[in-house]
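# Topology and contacts: notes
Read off the chains here:
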Amino acid sequence: MRVVVDLTRCQGYGQCVFLAPDVFTMHEEALLYDLQPADERREHVLRAAAACPVQAIHLDRTASTPNDDREWAPVMEDGRIVIVGASLAGARAAEVLRREGFAGRLTMIGAEAGEPYDRPPLSKQVLTGQVPPEHTLLPRLREIDAEWLCGTPAAALDVAGKRVLLADGREVGFDRVLLATGTRARPWPDEAEAALEGVHTLRDARDAAALRRALGAGPRRVLILGGGFTGSEIASVCRELGLPVTLVERGPAPLHNAMGGVIGDVAAQLQREHGVDLRCGTTVTALEGDGGRLTGARLSDGSTIEADVAVVALGSVRNVEWLRDSGLAVGAWGVACDAGCRAVDSNGLVTDDVFVAGDIARFPHPLYEYQFMSLEHWGNAVAQAEVAAHNMVSDQAHRWPHLSVPVFWSSQFGVNIKSVGVPTFADEIVFAQGSRAERRFVAVYGYRGRITAAVTFDQAMWLEFYQRQIERAAPFPPDFRHVGGGADGGPVPARVPERLVATAGATVVVTGHDPAERRASLVHPG
Ligand SMILES: Cc1cc2nc3c(=O)[nH]c(=O)nc-3n(C[C@H](O)[C@H](O)[C@H](O)COP(=O)(O)OP(=O)(O)OC[C@H]3O[C@@H](n4cnc5c(N)ncnc54)[C@H](O)[C@@H]3O)c2cc1C
Ligand code: SF4
């Protein structure tokens, strides 16, 4: 059987640990679990799922009949729907389409062979060796009656002709299509250096298996390029395995890009306390090798590092190349869509039959001044896929907006870090509960006098409270009579990074004079 816990919801109450101790365990405040427990444990896991106060435990429920929880008749019950990208967002959308009563042909197109799996464990339990990479398959919430075309990527989308073209020459027609091709790891820019044995990236199960083998071989030192969530989690695993590790980060602190300088400083202290050789404000200028094998790296401060494993954790690239000639608003930032997940074309017009969800989507969020945002969060992929699937089979009057407040979790150095809202959408931050010294606190972010985000270190139970505060645009700083804190000083500047601008984006040009003939088109560099 397969289990996945929505760790953005999990508040660490531990009922699951009590009811199914062979499957769930608590490490400090972080929940760890076996993603593929033996079938004999099913009864226990079912009891744990039922007892979980926030209903965070998902497991296969393929025995349930289609349409059993349908509350209304969809507008589109037959025809053909194609989903491109058969991972978290794609698989969740397929389940929701069937739940909503779509009985027509459903085709899943995926570049990866095999069943959809969960990625967050790849930088955590899989690297420590607690969970084998093949035990990360996503549970099925219901049987997905679909035709699976996996192992071949889509190569182009013909919106007017309603066809997806596959790389092997096949064509798949559709009435509606969902684009969910996610992201891939940004590679090291020098191809020869990237090809050195010992240089890794981490995005899929094969990457995780290869990195696990490399770490298990006991390298003399691991070099990590980039101090975002992935790089920091890998550094944490290395220390857990007793491996010497150097992390090189261009910014002033790890997690700075996602959470700003104040939390970045806490993350930097945490890493140093755990023995990470952290080099901030520094970049790797070259990876060096001997006989095709990595031996070390040169840094921008003139120093050199000897290492036999390097992990390039420099963020991600959106898988949009196949959409380049589709006429959609596509760029390095993803595929633009409206809040109902309908893709926007290059003129800025909303399309009727093309939908977008997950890491590839760029959507306006009303809570954040309608600014377009792209999120690489597990919770967003699931929530957006559900909205997209619902809207694909609904008429205008029954469509939903994707309004969920972003949530994210990470576990590193024994600390359970969670965030709600958009921490970079802030000008100030205040520690509302707990203390930085104990690494146990709630930090609240504000923008022009309202609460826009909160980050917790081992204080996950406060997340829901702050989600409600964000949803109702509660004043910042929070009223300390209600939250009982504020002891760690008053609001200070959040020191969030300037908005990151894609360097290789397309340029938009507008041609024509008459309103009937004016058109925008994207000019891609190169
Ligand atoms: C190592 C790691 C750790 C993470 N940890 C966390 C975490 O702790 N918390 C959190 O909130 N989030 C985490 N995430 C992010 C989370 O996993 C993603 O947000 C989520 O996987 C997004 O789902 P998706 O379906 O949109 O995209 P993906 O999961 O990227 O899936 C896209 C799929 O589309 C396929 N594809 C690409 N191009 C094509 C094509 N042309 N044709 C057909 N198929 C194609 C890809 O092969 C892939 O299978 C982590 C991600 C990684 C990689
Ligand atoms: S919130 Fe649910 S999943 Fe998380 S520890 Fe508690 S019972 Fe387990």
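Residues numbered from 1 in each chain as written. Chains lettered and ligands numbered in written order. Predicted model: local features only at pLDDT ≥ 70, side-chain atom pairs only at ≥ 80, totals over all residues.

Under an unreviewed UniProt entry, the name given to the chain is Ferredoxin reductase, and the organism recorded is [Actinomadura] parvosata subsp. kistnae.

## Describing the overall build of the chain
The condition is simple: Numbering of helices and strands runs from the N terminus; a helix is a DSSP stretch of H or I covering at least four residues, while a strand is a stretch of E covering at least two. Radius of gyration here is computed from C-alpha atoms only, and the compact-globule reference equals 2.2 Å multiplied by the residue count raised to the power 0.38. Three classes are used. A residue is buried when 20 or more other C-beta atoms lie within 10 Å of its own, exposed when 12 or fewer do, and partly exposed in between, with C-beta atoms placed from the backbone. Residues are treated as contacting if the C-beta atoms built from their backbones sit within 7 Å of each other.
Secondary structure assignment for the chain yields 11 helices and 35 strands. Taking 526 residues into account, the globule formula puts the C-alpha radius of gyration at 24 Å, and the chain, at 23 Å, falls close to it. Counting only C-alpha atoms, the chain reaches 60 × 55 × 50 Å along its principal axes. Out of the 526 residues in the chain, the part that is buried amounts to 46%. In the chain, once contacts between residues fewer than 6 apart in sequence are set aside, the share between residues at least 24 apart is 65%.

## Concerning the sheet that holds strand E7 (residues 147-150)
The following threshold applies: In this scheme, strands are said to pair when DSSP sees at least two bridges between them. Helix axes are fitted to C-alpha atoms over the stretch in contact, other axes to C-alpha atoms as well, and angles between N-to-C directions run from 0 to 180 degrees.
A sheet is described by the order of its strands in space; here 6 strands give the open sequence E7-E6-E5-E11-E25-E24, paired in mixed fashion. The two strands at the open ends of the sheet, each matched to only one other strand, are E7 and strand E24 (342-344). Strand-to-strand twist across the sheet, computed as the mean angle between neighbouring axes with direction ignored, equals 30°. The pairing of strand E6 (residues 105-110) with E7 spans 4 bridges and is classified as parallel. Bridge assignment links Met108 to a residue of E7, and that residue is Trp148. Packing of helix H9 (residues 378-392) onto the sheet brings it into contact with strand E5 (80-84), strand E11 (176-179) and strand E25 (350-356), and relative to E25 it is tilted by some 140°.

## A closer look at helix H8 (residues 256-273)
An α-helix turns once every 3.6 residues. As a result, residues three or four positions apart point the same way. Using the following cut-off: A helix is expected to span 1.5 Å for every residue after the first. The quantity called bend is, for any residue, the angle between two axes fitted respectively to the seven residues ending at it and the seven beginning at it.
Taking 1.5 Å of rise per residue, the 18 residues of H8 would be expected to cover 26 Å, yet its terminal C-alpha atoms sit only 18 Å apart, more than 12% below that figure. Along H8, the sharpest change in direction is near 90° and occurs at Val262. A positive phi of about 90° marks Gly275, the residue just after H8.

## Quick word on the environment of Ala332
Looking at the secondary structure, you find Ala332 in the loop between strand E22 (330-331) and strand E23 (334-336). Here Ala332 falls in the partly exposed class, since 16 other C-beta atoms lie within 10 Å of it. Taking the C-alpha atoms as reference points, Ala332 and Ile360, separated by 28 residues in sequence, lie 9.6 Å from one another.

## Describing the site of ligand 2
How we decide: Each residue receives a C-beta atom placed from its backbone. It is near a molecule or strand if this atom lies within 6 Å of it. Following the grouping adopted for this structure description, the nonpolar residues are Ala, Val, Leu, Ile, Met, Phe, Trp, Tyr, Cys and Pro, the charged ones are Asp, Glu, Lys and Arg, and the polar ones are all others, Gly among them.
Taken together, the neighbourhood of ligand 2 is formed by 14 residues, with Cys10, Tyr13, Gln15, Cys16 and Cys52 sitting nearest. Across the shell around ligand 2, the residue classes tally to 10 nonpolar, 4 polar and no charged.

## Some thoughts on the sheet that holds strand E16 (residues 277-280)
One open sheet holds the 5 strands; their spatial order is E13-E20-E14-E15-E16, and the pairing between them is parallel. Lying at the two open borders of the sheet, with one neighbouring strand each, are strand E13 (199-200) and E16. Bridge count for E13 against strand E20 (residues 309-312) is 2 bridges, and the pairing is parallel. The residue of E20 that forms the bridge with His200 is Val311.

## Structural notes on the packing of helix H3 (residues 88-99) against H9
When two helices pack together, their arrangement is given by the angle between the helix axes and by the axis-to-axis distance. The line we're drawing: For any pair of crossing helices, the crossing counts as left-handed if the nearer helix is rotated counterclockwise from the farther one by less than a right angle, and right-handed if it is rotated clockwise.
Where H3 contacts H9, the two axes come as close as 8 Å, and the packing angle between them is 40°. Relative to H9, the crossing made by H3 is right-handed. Where H3 abuts H9, its residues Leu88, Ala89, Arg92, Ala93, Val96 and Leu97 lie against Trp378, Ala381, Val382, Gln384, Ala385, Glu386, Ala388, Ala389, His390 and Met392. Residues that form the contact of H3 with H9 fall into these classes: 12 nonpolar, 2 polar and 2 charged.

## Focus: the nonpolar core
Put simply, the test is: For our purposes the nonpolar core covers buried Ala, Val, Leu, Ile, Met, Phe, Trp, Tyr and Cys residues that link as a set through C-beta atoms within 7 Å.
Ala93, Val335 and Ala357 are the most contacted members of the largest nonpolar core, which totals 155 residues. In this structure, Val335 is in contact with Leu179, Val320, Leu323, Leu328, Ala329, Val330, Ala343, Val356, Ile360, Ala361 and Arg362, ignoring residues within four places of it in sequence.

## As for the site of ligand 1
The condition is simple: Where each domain begins and ends follows an automated or database-derived domain assignment.
The immediate surroundings of ligand 1 are formed by 35 residues, with Gly85, Ser87, Ala89, Gly182 and Gly358 found nearest. Here the residues of the shell around ligand 1 sort into 16 nonpolar, 14 polar and 5 charged. Looking at which domains feed residues into the shell around ligand 1, each of domain 2 (75-185 + 315-406) and domain 3 (191-314) supplies at least three.

## Focus: the environment of Ala180
Here Ala180 lies in the loop between E11 and strand E12 (183-185). Take Ala180: there are 33 C-beta atoms within 10 Å of it, and that puts it in the buried class. A C-alpha to C-alpha distance of 9.0 Å links Ala180 and Asn319, two positions 139 residues apart in sequence. With residues up to four places along the chain from it excluded, the contact list for Ala180 reads Ile83, Val84, Gly85, Ala89, Gly90, Ala93, Ala357, Gly358, Ile360 and Ala385.

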